[in-house]
Amino acid sequence: MKTDTTPRTTIPAPPPRQAGTWLILGGLLALIVASFASLPLQWSAFFTREAIDSASEFLAGFAPPDTAPAFLAKTLVAFWETLAMSAIGTILAALVAMPLALAGAGRLGRAARAVTRLVLNVLRSIPELVWAAVLLVLAGLGPLAGTLALAAHTAGVLGRLFADALENIEPHAEQSLRTNGARPLAAFLYATLPQALPQMLSYTLYRWENNIRAAAVLGVVGAGGLGQMLKYHLSLFQMPSAATVVIAMLVLVALVDAASYALRRALMR
Amino acid sequence: MTSNAILHPDPAWRARLTGAAVFVLLLYPLLVAAEFRPWLLFDAQSLRAAGGFLRDFLTPETDPAFLAMVLRETWQTVAIATAGLTLALIVAIPATFVISERLSISRLGTGHIRPLAGIVRQVLRWILMVLRSVPELVWALLFVRIVGLGPTAGVLAIALSYSGMLAKVYAEILESSDAHATDVLLANGSGRLPALLYGALPDASAELVSYTVYRWECAIRGSAVMGFVGAGGLGQRLDESTKMMAGGEVATMLIMFVLLVAGADLVSKLLRRRIG
């Protein structure tokens, strides 16, 4: 047998693929083509000369952000309102999630567990913004609707996480208290809860972080905070003011990121 | 034995009481700022409005024409997400090649990157950071002002914010894969593209694909929500029905919404198991 000593100059052939992989790739390609084909996209309108001109004129309108002291003070109030909405929403959610988690962890029987988990899933799969739009009907414009919307979605998320945390705790401590005559509530409070509490607290803080981000944009449907301000100034075509609000949002998100990074570093050490 | 002997007082009650008091003190300004007055929900006027809405809500709208419209809008939501993600990939993949230091040839040997290449990378990183820090909803709001109501704004919003996200995470995944194969290929004179295809990709491809599928799932959720600012899809119809206080229609669309999210979740899970 002759060995090939000349260096290869072409890329070797790729390894063979399974038929299933081609099927999946074909399906994805079909999905992409169907998506572009079925959407009434106005590319032509977007890439014409005048469209580009009007778009760049629109963007240039943002150029000097509004820095009048009165407006900055207003932005600061909205900034604080956004933070308050996220904090209250998260606390409410944790309060609601706690009893739901007890049922969801199967402490009130199997049927209650299944029903509670279903409720939690529904709460969770409707995004904050949709909750806000629906709750606006009940609570009217303003931060209350936003707070309740954050609470509703977060209660679903935290309820599920709390229930899982409670189910994953070692049951021995609670069982030995029960066999030694402690009442169920005391056994739960002194054996299971202290073990699960740190985890629940860290889930709650993590969700608060998410909720600050969500609260910043929630207002675009009218539910208070920075988002509502942005919507208001954009619909009046007051671009410099809108630019200030967008910058305030970016600052808020950056602050949250930095704080959470620093906290995580401090806790890891 | 008295009952006191069984009911042990909480040994830490003083600390707990102080903690609770401080918590309430801190909470008060937040409650004021969030205008937290839940009793407003229960005054006569809003109860009347809410009552009608909630009564309708219990009987979801099942008119065939309406259902067909909801299905059409649901498909549009999926299509916006898919088209937006495709455009985002077209931007993100080349951007990944630029910002990833793994494929830098000047880095080999000395470990120093040429200043010009370093500057290009850093500038592109900043641009991508801005693209992903502005929430997709805000992008959608801006694009609705530029291109008008409809799905184009949604597609563009997803494309922009997701290209920033995808490029960053792709570069991170590539850089966290084993450097040895790529380095050896580059040091022995292979081009960058073969070095990427044969060195870095085999190690990282499963993670890259599974992250992309996960982002597709997020994009579906995002595009459903973006309709609320007028960017087409299910959200826009949901917004209209909510404003008309048509509880039955809202109920149907919320059910569709939950099904859509669950479906995307399921497909994404299946695909990731198949590939990962």
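Values in this document were obtained by computation on a predicted structure and should not be read as measured data.

A. A look at the overall build of chain B. Tallying secondary structure elements over chain B gives eleven helices and zero strands in all. Over its C-alpha atoms chain B spans a radius of gyration of 27 Å, topping by over 25% the 19 Å that the globule rule assigns to 276 residues. The principal-axis extent of the C-alpha atoms belonging to chain B is close to 80 × 70 × 35 Å. Across the 276 residues in chain B, those meeting the buried criterion constitute 45%. Excluding contacts between residues fewer than 6 apart, the proportion of contacts in chain B whose partners are at least 24 apart in sequence is 75%. With the model as given, the accessible surface of chain B reaches about 14200 Å², and the carbon-plus-sulfur share is 69%. Of the side-chain charges in chain B, 23 are positive and 20 negative, and the distance between the mean point of each set is 5 Å.

B. Molecular detail of the overall build of chain A. A tally of regular secondary structure across chain A gives eleven helices and zero strands. Starting at the N terminus, the α and β elements of chain A follow one another as α-α-α-α-α-α-α-α-α-α-α. Projected onto its principal axes, the C-alpha positions of chain A cover 85 × 80 × 45 Å. Counting all 269 residues of chain A, 42% fall into the buried class. Contacts spanning at least 24 positions in sequence make up 75% of the contacts within chain A whose residues lie at least 6 apart.

C. How the structure looks around the packing of helix α6 (residues 128–139) of chain A against helix α3 (residues 44–57) of chain B. Where α6 of chain A contacts α3 of chain B, the two axes come as close as 8 Å, and the packing angle between them is 135 degrees. In terms of orientation, α6 of chain A and α3 of chain B fall into the oblique class. Facing α6 of chain A, whose interface residues are Val134, Val137 and Leu138 of chain A, α3 of chain B presents Ser46, Ala50 and Phe53 of chain B. Residues that form the contact of α6 of chain A with α3 of chain B fall into these classes: five nonpolar, one polar and no charged.

D. The arrangement of a nonpolar patch on the surface in detail. Residue and element names in this part refer to chain B. A cluster of nonpolar side chains, namely Ile93, Phe97, Leu193, Leu197 and Tyr198, defines an oily patch on the protein surface of about 440 Å² accessible area. Those elements that place two or more of their residues in the nonpolar patch are α4 (64–99) and α9 (192–226). If you tally residues by element for the nonpolar patch, the top one is α9, at three residues. Position of Ile93 among the secondary structure elements: in helix α4.

E. Region of interest: the packing of aromatic side chains. Per the counting criterion, the structure on display carries two aromatic pairs over all chains. With centroids separated by 6.2 Å and ring planes inclined at 50 degrees, the aromatic side chains of Tyr211 of chain B and Tyr214 of chain B adopt a geometry described as tilted. Of this pair, Tyr211 of chain B and Tyr214 of chain B both sit in helix α9, three residues apart, which is roughly one turn of that helix. Above the plane of the ring of Phe237 of chain A lies Arg145 of chain B, whose end atom (NZ or CZ) is 5.9 Å from the centre.

F. Highlighting unusual backbone geometry. You will see that Phe237 of chain A, though not glycine, has its phi angle at about 55 degrees, which is positive. Tracing the backbone through its elements, the reader meets Phe237 of chain A in the loop between α10 (225–235) and α11 (239–268). Judged by its relative accessible area of 53%, Phe237 of chain A is exposed. Despite not being glycine, Met245 of chain B shows a phi value in the positive range, around 60 degrees. Along the chain, the position of Met245 of chain B falls in the loop between α10 (234–243) and α11 (247–275). Exposure remark for Met245 of chain B: the relative accessible area of 32% places this residue in the partly exposed category.

G. Local environment of the pattern of salt bridges. Scanning the model with the defined rule gives twelve salt bridges over all chains in all. Note that Arg160 of chain A is salt-bridged to Asp164 of chain A, the shortest N-O span being 3.2 Å. Residue Arg160 of chain A and its partner Asp164 of chain A are both found in helix α7 (residues 143–167); the two are separated by four residues, about one turn of the helix. The partly exposed category is assigned to Arg160 of chain A, whose relative accessible area is 33%. The partner of Glu73 of chain B in a salt bridge is Arg237 of chain B, with the nearest N and O atoms 3.3 Å apart. One end of the pair, Glu73 of chain B, is in helix α4; the other, Arg237 of chain B, is in helix α10, with 164 residues separating them in the sequence.

H. Quick peek at the interface of chain B and chain A. Each partner contributes residues to the interface: chain B has 57 residues there, and chain A has 56 residues. Summed over both partners, the interface of chain B with chain A comes to about 5100 Å²; 82% of that surface belongs to carbon and sulfur atoms. In this assembly, chain B and chain A are joined by zero salt bridges. At the boundary of chain B and chain A, one finds two residue pairs in polar contact (both at pLDDT 80 or more). Breaking the side of chain B that touches chain A down by element, the ones donating at least two residues are α2 (13–33), α3, α4, α6 (136–147), α7 (151–176), α9, α10 and α11 of chain B. By residue class, the composition of the side of chain B that touches chain A is 45 nonpolar, seven polar and five charged.

I. Up close: the side chain of Ser268 of chain B. Note on placement: Ser268 of chain B falls in helix α11. Residues contacting Ser268 of chain B, with those up to four places away along its chain left out, are Val213, Tyr214 and Glu217 of chain B.

Cut-offs and rules
- Residues numbered from 1 in each chain as written.
- Chains lettered and ligands numbered in written order.
- Predicted model: local features only at pLDDT ≥ 70, side-chain atom pairs only at ≥ 80, totals over all residues.
- Heavy atoms only, no water.
- Helix = DSSP H or I, 4+ residues; strand = E, 2+ residues; numbered from the N terminus.
- Rg over C-alpha atoms; globule rule 2.2 N^0.38 Å.
- Buried < 20%, exposed > 50% of the residue type's maximum accessible area, 1.4 Å probe, protein only.
- Contact = heavy atoms within 4.5 Å.
- Areas by Shrake-Rupley, 256 points an atom, 1.4 Å probe, with all protein chains shown as cover.
- Lys, Arg positive; Asp, Glu negative; His and termini not counted.
- Charge placed at Lys NZ, Arg CZ, Asp CG, Glu CD.
- Axes fitted to C-alpha atoms, helices over the stretch in contact; angles between N-to-C directions.
- Parallel < 35°, antiparallel > 145°, perpendicular 65-115°, else oblique.
- Nonpolar A, V, L, I, M, F, W, Y, C, P; charged D, E, K, R; others polar.
- Patch = residues over 30% accessible without salt bridge, like charges linked within 9 Å, V, L, I, M, F, W, Y side chains within 5 Å.
- Salt bridge = Lys/Arg side-chain N within 4 Å of Asp/Glu carboxyl O.
- Phe/Tyr/Trp six-rings, centres within 6.5 Å; stacked < 30°, edge-to-face > 60°.
- Lys NZ or Arg CZ within 6 Å of the ring centre and 35° of its normal.
- Buried area = accessible area lost by both parts, 1.4 Å probe.
- Polar contact = N/O pair within 3.5 Å; in protein donor to acceptor, adjacent residues only side chain to side chain.

That is the geometry; function is a separate question.
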